[in-house]
Amino acid sequence: MSVDITKSDGPSDAPPPGRAGSAGPAGPEAIKAIPVRHYGRYVSAVVALALLGTIIYAFSQGKINWGAVPDYFFDDRILTGVGQTMLLTVLSMAIGVVGGIVLAVMRLSKNPVMSSIAWSYIWFFRGTPVLVQLMVWFNLGLVFEYINLGPIYKDYWASFMTPFLTALLGLGLNEAAYMAEICRAGLLSVDEGQTEASHALGMSHAKTLRRVVIPQAMRVIVPPTGNEVINMLKTTSLVATVQFYELLRYAQDIGQTSGAPVEMLFLAAAWYLLMTSVLSVGQYYLERHYARGSLRTLPQTPLQRVRANLFSLGRPKGGAA
Amino acid sequence: MTATAKTTHGSGAMVKAEAVHKSFGAAHVLKGIDLEVAPREVFCLIGPSGSGKSTFLRCINHLEQVSAGRLYVDGELVGYRQKGDKLYELRDSEVALKRRDIGMVFQRFNLFPHMTAIENIMEAPMQVRREPKAVARARAEKLLDRVGLADKANGYPSQLSGGQQQRVAIARALAMEPKLMLFDEPTSALDPELVGDVLDVMRDLAESGMTMIVVTHEMGFAREVGDALVFMDDGVVVESGHPRDVLTNPQHERTKSFLSKVL
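Because the structure is a prediction, the values reported are computed rather than measured.

Draft legend 1. Main features of the overall build of chain B. The helix and strand tally for chain B stands at nine helices and twelve strands. A compact globule built from 263 residues should have a C-alpha radius of gyration of about 18 Å, and chain B, at 18 Å, falls within 12% of that. Projected onto its principal axes, the C-alpha positions of chain B cover 50 × 50 × 35 Å. Out of the 263 residues belonging to chain B, those deemed buried represent 55%. One way to put it: in chain B the 33 positive side-chain charges average out to a point 5 Å from where the 35 negative ones average out.

Draft legend 2. Region of the structure containing the packing of aromatic side chains. Using the criterion set out here, one finds 14 aromatic pairs over all chains in the structure. The interplanar angle of 90° and the centroid separation of 6.2 Å between the aromatic rings of Phe74(A) and Trp271(A) together place this pair among those described as edge-to-face. You can see Phe74(A) sitting in the loop between α2 (68–73) and α3 (76–108) and its partner Trp271(A) sitting in helix α11 (residues 261–290), a full 197 residues away along the chain. With relative accessibility at 10%, the residue Trp271(A) sits in the buried group. Relative to Tyr156(A), the ring of Tyr146(A) lies with its centre 5.1 Å away and its plane at 35°, an arrangement referred to as tilted. Residue Tyr146(A) is located in strand β1 (residues 146–148), and its partner Tyr156(A) is located in strand β2 (residues 154–156); the two are separated by ten residues in the primary sequence. Chaining the aromatic ring pairs together yields one cluster made of Phe59(A), Trp66(A) and Phe266(A). The ring of Tyr88(B) is capped by Lys83(B), whose NZ or CZ atom sits 6.0 Å from the centre of that ring. Seen from the ring of Phe109(B), Arg108(B) lies directly overhead, with NZ or CZ sitting 5.8 Å from the centre.

Draft legend 3. A look at helix α7 (residues 163–189) of chain A. In this model α7(A) runs 39 Å from its N-terminal to its C-terminal C-alpha over 27 residues, within 8% of the 39 Å that 1.5 Å per residue would give. Of all bends in α7(A), the biggest is about 25°, found at Ala177(A).

Draft legend 4. Structural view of a nonpolar patch on the surface. Residues and elements named next belong to chain A. A cluster of nonpolar side chains, namely Val-43, Val-47 and Leu-51, defines an oily patch on the protein surface of about 280 Å² accessible area. Inspection of the secondary structure puts Val-43 in helix α1 (residues 39–61). Among the residues examined, Val-43 registers a relative accessible area of 53% and is labelled exposed.

Draft legend 5. Broad picture of the nonpolar core. Core analysis: the largest hydrophobic core is formed by 48 residues, its most contacted members being Ile170(B), Met181(B), Phe183(B), Met202(B) and Met212(B). Aside from chain neighbours lying at most four places away, what touches Met202(B) is Ile170(B), Phe183(B), Pro186(B), Met212(B), Val214(B) and Phe221(B).

Draft legend 6. Main features of the interface of chain B and chain A. The partner chain A presents 22 residues to the 27 residues of chain B that form the contact. Roughly 2,200 Å² of surface becomes buried between chain B and chain A when both sides are summed, with 54% attributable to carbon and sulfur atoms. Inspection of the region where chain B meets chain A yields two salt bridges. Where chain B packs against chain A, one counts seven residue pairs in polar contact (both at pLDDT 80 or more). Broken down by secondary-structure element, the contributors of at least two residues to the side of chain B that touches chain A are α2 (92–99), β8 (102–105), α3 (117–127) and α5 (162–174) of chain B.

Draft legend 7. Representation of the UniProt feature "transmembrane region" (unreviewed entry) in chain A in the model. Residues and elements named next belong to chain A. Taking the UniProt record as the reference, the feature "transmembrane region" (unreviewed entry) is found at residues 42–59, 79–106, 118–144, 156–174 and 264–286. Counting secondary structure, residues 118–144 comes out at 70% helix and 0% strand; the distance between its end C-alpha atoms is 24 Å. End-to-end, the C-alpha atoms of residues 156–174 are 25 Å apart, and along that stretch the chain is 84% helix and 5% strand.

Draft legend 8. Inspection of the layout of surface pockets at higher detail. Of the volumes computed, that of the largest pocket is approximately 1,300 Å³. Forming the walls of the largest pocket are 34 residues, and the residues nearest its centre are Lys110(A), Thr195(A), His199(A), His205(A) and Asp92(B). Elements with a contribution of two residues or more to the lining of the largest pocket: α3, α7, α8 (192–200) and α9 (205–235) of chain A together with α1 (53–60) and α2 of chain B. The biggest single contributor to the lining of the largest pocket is α2(B), with five residues. Across the lining of the largest pocket, the residue classes break down as 16 nonpolar, ten polar and eight charged. A volume near 400 Å³ is recorded for the second largest pocket. Taken together, 20 residues line the second largest pocket, and the ones lying closest to its centre are Gln194(A), Gln216(A), Leu111(B), Pro113(B) and His114(B). With four residues, the top contributor of residues to the lining of the second largest pocket is α9(A). Taken together, the residues of the lining of the second largest pocket sort by class into eight nonpolar, eight polar and four charged.

About the thresholds
Residues numbered from 1 in each chain as written. Chains lettered and ligands numbered in written order. Predicted model: local features only at pLDDT ≥ 70, side-chain atom pairs only at ≥ 80, totals over all residues. Heavy atoms only, no water. Helix = DSSP H or I, 4+ residues; strand = E, 2+ residues; numbered from the N terminus. Rg over C-alpha atoms; globule rule 2.2 N^0.38 Å. Buried < 20%, exposed > 50% of the residue type's maximum accessible area, 1.4 Å probe, protein only. Lys, Arg positive; Asp, Glu negative; His and termini not counted. Charge placed at Lys NZ, Arg CZ, Asp CG, Glu CD. Phe/Tyr/Trp six-rings, centres within 6.5 Å; stacked < 30°, edge-to-face > 60°. Lys NZ or Arg CZ within 6 Å of the ring centre and 35° of its normal. Expected span 1.5 Å × (residues − 1). Bend = angle between axes of the 7 residues up to and from the residue. Patch = residues over 30% accessible without salt bridge, like charges linked within 9 Å, V, L, I, M, F, W, Y side chains within 5 Å. Areas by Shrake-Rupley, 256 points an atom, 1.4 Å probe, with all protein chains shown as cover. Salt bridge = Lys/Arg side-chain N within 4 Å of Asp/Glu carboxyl O. Core = buried A, V, L, I, M, F, W, Y, C linked by side-chain atoms within 4.5 Å. Contact = heavy atoms within 4.5 Å. Buried area = accessible area lost by both parts, 1.4 Å probe. Polar contact = N/O pair within 3.5 Å; in protein donor to acceptor, adjacent residues only side chain to side chain. UniProt positions renumbered as here; feature names shortened; annotations may be inferred. 1 Å grid on protein atoms, 1.4 Å probe; cavity = no way out; pocket = protein on both sides within 12 Å on 5 of 7 lines; lining within 4 Å. Points joined across faces, edges and corners; volume = space filled by probe spheres on them. Nonpolar A, V, L, I, M, F, W, Y, C, P; charged D, E, K, R; others polar.

Structure (structure tokens):
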């Protein structure tokens with residue numbers, strides 16, 4: 001029984017049952033077929049590269065002083081701005097995540113007071129623009145002249161509400177409303193049997209949430225949260241309106257004094273891109289951590305993958321020699 | 001109308017139901033259940049799906065609240081506290097306290113997928129009883145050995161077969177050292193060849209003197225291990241008695257037709 005081996009489909013290493021005997025101890029002969037040629041891929045790659053080249057050429061010929069970008073890339077002010085942007089992103093996301101989990105739990109609570117409060121909060125903070133919220137926090141001194149926490153703290157609102165605190169509260173509390181919905185989706189994704197099993201063991205509601213439900217909900221929560229972090233990093237550029245100095249604000253300042261305003265915008269964009277890339281890598285590892293138990297084998301880390309590739313590259317060399 | 005010959009009075013019963021009713025909105029699922037389960041007894045509940053067997057089991061464990069009648073576990077009223085002639089609903093923390101003494105095994109195992117087998121077993125003793133880790137681990141190892149899975153301690157549920165998962169689930173329930181074990185169709189979600197291992201563990205548990213209430217379709221197990229059996233249909237107890245008698249010589253038409261289909 002001979003088989004015509006010019007077909008390109010079918011798994012290449014699956015043993016054809018009728019030929020097993022003729023293949024000898026080395027196992028069935030692997031199919032050697034001519035693969036399908038995808039000419040469309042070559043054409044589209046050439047077109048895409050051509051377009052990219054055109055755009056790069058156009059930008060390089062424009063009236064832009066590219067030399068200014070590397071000159072200021074590691075400028076002290078820029079680095080300070082990057083630090084401030086990172087700090088603000090991390091802290092507002094921390095407020096957002098913690099607030100989001102609390103709001104989601106409240107929203108799903110059997111207690112009608114809790115769920116109404118959570119619903120109203122989400123309704124308000126999601127329903128108004130974050131830029132408006134930032135400006136309201138900034139101007140809240142019009143409503144509250146002093147802040148008075150009895151013997152602990154007492155001050156003018158204006159001196160209490162620093163630009164940093166304004167930015168942090170404005171971004172963090174707004175983010176909490178979005179995170180609440182993400183967390184709620186995560187909590188709802190966990191099978192009810194898990195809660196029942198935990199309750200049946202005598203675990204309280206709080207313990208069940210903390211030990212059983214939330215760890216499983218994280219698998220659903222992490223990917224959209226990664227999205228939110230990246231969004232937050234870029235949204236921090238809005239806080240220039242409340243006099244907080246971060247990356248974009250510093251870049252604009254330099255742009256005005258050095259006479260290269262557009263160049264500094266490109267510089268800021270490059271830094272934002274750099275930071276979001278780093279965050280994406282972090283997200284990958286976080287997702288891998290929470291995949292524990294749900295996948296039979298964890299996906300390799302990029303480092304492991306590089307190592308595995310190196311080994312497999314080395315092997316054929318050794319065989320040839 | 002007791003289902004067992006061992007006890008003549010309700011006072012010593014592990015579980016006692018008096019006219020227990022349960023409704024979900026308009027659906028009347030339990031329509032007056034009376035039964036008694038004696039300590040150290042293996043009590044089997046059989047019946048067609050939708051007959052209320054699982055609902056009754058879940059009432060014992062407070063996973064569902066009884067709508068009418070009285071249900072007692074070890075002499076204590078389930079779900080309520082009685083003061084004079086008034087009933088007070090129990091707080092969540094009080095319910096949790098009572099659940100510690102009642103182990104439950106689910107049809108779908110419900111192991112915690114983000115924890116290894118041994119972590120699943122150690123979780124409740126450490127979190128609920130605040131046991132030191134070493135003590136919890138030692139007991140968990142012993143329990144895993146007892147269910148024949150000592151070598152799977154560090155496997156995640158997704159790496160175990162259904163039968164292995166269910167045995168871990170039994171070990172997890174036993175880790176709280178319950179006085180009563182509830183089994184809700186423990187073998188219904190298993191491949192036929194895996195059922196035997198789980199039943200072996202349950203048989204071993206019955207021999208050790210555990211009080212067990214088992215909702216099951218395994219008539220062989222009921223006949224061999226059960227001390228008492230109740231056939232339920234449409235929310236009522238149709239027939240009860242010793243498993244051998246009910247299974248070989250059913251008195252009611254409904255029991256006969258059900259058994260003729262499953263045996």
